[in-house]
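Spelled out from the first residue to the last, the chains are:
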Amino acid sequence: MIVDYHKCLHCGGCVGSCPQNAIYLNDYILEFNDDCNNCGRCIKLCPVAALSRGE
């Protein structure tokens, strides 16, 4: 996943939305662990479109 940190509000909505528990906030920086399967649920729930799929 790619995070646009200029848009990210650090609201944590994506953290709670992840069915794999693969997202966490570390000092207000979003990090994804290896459990992320790029399902896109966090992308859909981000209120400011700060997330996108990495290629």
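Above this text you will find the structure in question.
The paragraphs below set out a description of the structure included in this document. None of the values given here were measured: they were computed from a predicted structure. (Residues numbered from 1 in each chain as written. Predicted model: local features only at pLDDT ≥ 70, side-chain atom pairs only at ≥ 80, totals over all residues. Heavy atoms only, no water.)

Time to look at the nonpolar core. The tendency in soluble globular proteins is for nonpolar side chains to be buried as a group. Core analysis: the largest hydrophobic core is formed by eleven residues, namely Val3, Cys8, Cys14, Cys18, Ala22, Ile23, Leu30, Cys42, Cys46, Ala50 and Leu51. If near-sequence neighbours (up to four positions away) are discounted, Cys8 is found in contact with Val3, Leu30, Val48 and Ala50. (Core = buried A, V, L, I, M, F, W, Y, C linked by side-chain atoms within 4.5 Å. Buried < 20%, exposed > 50% of the residue type's maximum accessible area, 1.4 Å probe, protein only. Contact = heavy atoms within 4.5 Å.)

Further remarks concern the pairing of strand E3 (residues 29-32). Pairing of strand E2 (residues 23-26) with E3 involves four bridges; the strand directions are antiparallel. Along E3, the bridge assignment pairs Asn26 with Ile29. Joining the antiparallel neighbours E2 and E3 is a turn of two residues, in which Asp27 adopts a positive phi near 55°. (Pairing = 2+ DSSP bridges. Helix = DSSP H or I, 4+ residues; strand = E, 2+ residues; numbered from the N terminus.)

The phi dihedral of His10 falls on the positive side, at around 60°, and the residue is not glycine. Structurally, His10 can be placed in the loop between strand E1 (2-3) and helix H1 (13-17). Unusually for a residue other than glycine, Asn38 sits at a positive phi of about 55°. Along the polypeptide, Asn38 turns up in the loop between E3 and helix H2 (41-45).

To continue, consider the state of the cysteines. Applying the stated criterion across every chain, the model contains zero disulfides. Cysteine Cys11 shares no disulfide, and the gap to the nearest cysteine sulfur, in Cys14, comes to 6.3 Å. A relative accessible area of 54% means that Cys11 is categorised as exposed. Note on Cys36: no disulfide assigned, nearest cysteine sulfur contributed by Cys18 at a separation of 6.3 Å. (Disulfide = S-S within 2.5 Å.)

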